[in-house]
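In case you want the letters, here they are:
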Amino acid sequence: MYDRDLGSFAVIVQLFFGLSAGQAIEPPAIIDLIPQDVRVLESLAGDTAARAERFSREVLDAHPEVYQRLWHVDRANAKAYVEKAPEYVARIRKLHALFENQEPLILDRFCRAYPEFVPSKAKIYLMLSLCRFDAKIPSQHPDSLLIGMDGLARFHGTDAPLGVILSHELFHLYHFQVSPLPKNPDDLPLYRLLWQEGLAVYASQQLNPGASLSDVLLDPRLATEGPASIPSEAKRLLICLDSREDVIAAHFLAKSENGEVPGRIGYLIGYDVVARLAKNRSISSLARLHDPGLRFTFRREVYRLAYP
C-alpha cells in the first residue's frame, strides 16, 4: 500500500482549506490505488484463471491494508470480476478525474458547515471494490472511507452525484468523530443504524440544495413509492428497534428491486425522523445525541410516523 503522489491535487486541497478557514487545515490522507490498479486491469492477458491469478497477486495481495484489514475481499469473485472489469475501465478513469476535480470543493463546503470536523483524522481510499460497493466506512475502522470507483461506475454511471455521495460519507466520518461508536460497532441495535443513515441523508441534502429526495436517497423508487409505506413500516420498526439480527436489518437497509416495499426503506424512515427533529435543533446537536435520550427520541418520532 502507498500514499498517492501528492502533486497538484494535494496542493489544490490544501489551497482550498487554507482559503476557507483563513489558515492551513490539514486535509485527510488520500490513498489513491486507482492509477496503478487500472493499469493492471488494462494489461491482463491469458485465460480467465490466469487473469484472475494476476489480478489477485498484483492488486488484492499488493494492498493488504485495504483488502485484508479494512475490507475482507472474497477472492472467489476475482474470476467473474476480470471477465467484466474491462468494460468499466473508461468509466473508472472518468470518475477518478471527476473526483480529483470536485472533491476539494465538496470537502471545503462540508468543513464550512461542520467546523468541528477534523479532516486530518480521516483517510480516504480510492480503490477497486470488485463492483461490490460504491462507498462505505468499515464499522471497525470508522475513520476510513473506502470509495470503490468501479462500484460508482456500476451503480451510478459516469454521472455519479459525487456531491451527494461524498457529503453523505463525510457526514458519517464527522458523526463518528463527535459521537464515537461503541467498542463493538457490529453489535449496534437497529435504531442506531437507521439514525446514522437518516442523519447522513439529511445532511447531504442540506449541503446540496439542488438535490431532490430521489438524489439524496440514490433511489428514485424509494423516493416516489416509499412515503406510502412509511406508516406500516414504522409500525413494524417499533417492535424491532433493538434488533441486532442481520435479516431484520437487511429488510430496512438492503437494496431490493422487486419487493412490495421499496428497498432501503429504513433510510427514508431515518431521514423523516431527522427532518422532523431538525425543525427545532441543529444537525450538529442531533449528531451528539446519546442513549438513553437517543432511543427515546427516535422511538417517539417513529411512533408519530406510524400513527400520524
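Residues numbered from 1 in each chain as written. Predicted model: local features only at pLDDT ≥ 70, side-chain atom pairs only at ≥ 80, totals over all residues. Heavy atoms only, no water.

Colleague: Would you mind going over the nonpolar core in detail, with residue names and values included?
Modeller: One finds Phe55, Ile147, Phe171 and Trp195 to be the most contacted residues of the largest nonpolar core, which totals 104 residues. Contacts of Trp195, omitting those with residues within four sequence positions, involve His175, Val273, Val274, Leu277, Leu286, Leu289, Leu294 and Phe298. (Core = buried A, V, L, I, M, F, W, Y, C linked by side-chain atoms within 4.5 Å. Buried < 20%, exposed > 50% of the residue type's maximum accessible area, 1.4 Å probe, protein only. Contact = heavy atoms within 4.5 Å.)

Colleague: Requested: an account of the confidence of the model for the chain, with residues and values cited.
Modeller: Close inspection of predicted coordinates is inappropriate for parts of the model with low pLDDT. With 92% of its residues at a pLDDT of 70 or more, the chain has an overall mean of 92. With pLDDT under 50 throughout, residues 1-22 is counted as low confidence; its partners more than four residues away or in other chains account for 40 contacts. (pLDDT = per-residue confidence, 0-100.)

Colleague: Summarise the pairing of strand S4 (residues 144-148); cite the residues concerned and give the values.
Modeller: With respect to burial, S4 is a largely interior element, five of its five residues being buried. Covered by surrounding structure in S4 are Ser144, Leu146 and Gly148 together with Leu145 and Ile147, the residues of both alternating faces. Across five bridges, the pairing between strand S2 (residues 123-127) and S4 is parallel. Counted as the bridge partner of Tyr125 is Leu146 from S4. The pairing of strand S3 (residues 135-136) with S4 spans two bridges and is antiparallel. (Helix = DSSP H or I, 4+ residues; strand = E, 2+ residues; numbered from the N terminus. Pairing = 2+ DSSP bridges.)

Colleague: Go over the packing of aromatic side chains, please, and point to the residues and values.
Modeller: In this structure the tally under the stated criterion is 13 aromatic pairs. Ring geometry for Trp195 and Phe298: centres 6.3 Å apart, planes at 90°, overall edge-to-face. With Trp195 in helix H9 (residues 190-207) and Phe298 in helix H15 (residues 293-306), this pair connects stretches of sequence that are 103 residues apart. Accessibility assignment for this pair places Trp195 and Phe298 in one class, buried. Three or more aromatic residues joined by ring pairs form one cluster here, namely Phe110, Tyr114, Phe117, Phe171 and Tyr174. Geometry around Phe155 places Lys255 over its ring, the cationic atom sitting 4.2 Å from the centre. Here Arg264 stacks its cationic end above the ring of Tyr267, 4.0 Å away from the centre of that ring. (Phe/Tyr/Trp six-rings, centres within 6.5 Å; stacked < 30°, edge-to-face > 60°. Lys NZ or Arg CZ within 6 Å of the ring centre and 35° of its normal.)

Colleague: Before we move on, could you go through helix H11 (residues 220-238) and cite the residues and values that matter?
Modeller: Over its 19 residues, H11 extends 26 Å from the first C-alpha to the last, a length consistent with the 27 Å expected when each residue adds 1.5 Å. Of all the bends in H11, the largest measures some 60° and sits at Gly226, one to four residues before the proline Pro227. Every buried residue belonging to H11 is among Leu222, Ala223, Gly226, Ser229, Ile230, Glu233, Ala234, Leu237 and Leu238, and all of these are buried. The opening residue of H11 is Asp219, an N-cap whose side-chain oxygen sits 3.1 Å from the backbone nitrogen of Arg221. (Expected span 1.5 Å × (residues − 1). Bend = angle between axes of the 7 residues up to and from the residue. Polar contact = N/O pair within 3.5 Å; in protein donor to acceptor, adjacent residues only side chain to side chain.)

Colleague: With reference to specific residues and values, describe the sheet that holds strand S1 (residues 29-32).
Modeller: Read across the sheet, four strands follow the order S1-S2-S4-S3 without closing on themselves; strand pairing throughout is mixed. Each end of this open sheet is capped by a strand with a single partner; those strands are S1 and S3. Contacting S2 and S4, helix H7 (residues 149-156) runs over the sheet at an angle of about 55° to S4. (Axes fitted to C-alpha atoms, helices over the stretch in contact; angles between N-to-C directions.)

Colleague: Requested: an account of the pattern of salt bridges, with residues and values cited.
Modeller: If you walk through the whole model with that rule in mind, you get 18 salt bridges. The salt bridge partner of Asp187 is Arg244, with a shortest N-O separation of 3.2 Å. Here Asp187 is found in the loop between helix H8 (162-178) and H9, whereas its partner Arg244 is found in the loop between H11 and helix H12 (246-253), with 57 residues between them in sequence. A residue is classified by how much of its surface remains accessible, and Asp187, at 37% relative accessible area, is partly exposed. (Salt bridge = Lys/Arg side-chain N within 4 Å of Asp/Glu carboxyl O.)

Colleague: Lay out the side chain of Arg192 with the relevant residues and their values.
Modeller: Here Arg192 lies in helix H9. The exposure class of Arg192 is buried, given its relative accessible area of 16%. Residues contacting Arg192, with those up to four places away along its chain left out, are Leu181, Pro182, Asp291 and Leu294.

Colleague: How would you sum up the pairing of S2? Please name residues and give values.
Modeller: Counting buried residues in S2 gives four out of five residues, a clear majority hidden from the surface. The pairing of S1 with S2 spans four bridges and is classified as parallel. Bridge pairing links Ala29 to Lys123 in S2.

Colleague: Please give an account of unusual backbone geometry that cites residues and values.
Modeller: Between Asp291 and the following residue, Pro292, the backbone shows a cis peptide bond with an omega angle of 5°. Inspection of the secondary structure puts Pro292 in the loop between helix H14 (283-287) and H15. Unusually for a residue other than glycine, Cys131 sits at a positive phi of about 65°. Of note, Cys131 is situated in the loop between S2 and S3. Phi angles above zero are rare outside glycine, and Arg264 is one such case at about 65°. Mapped onto the secondary structure, Arg264 falls in the loop between H12 and helix H13 (265-277).

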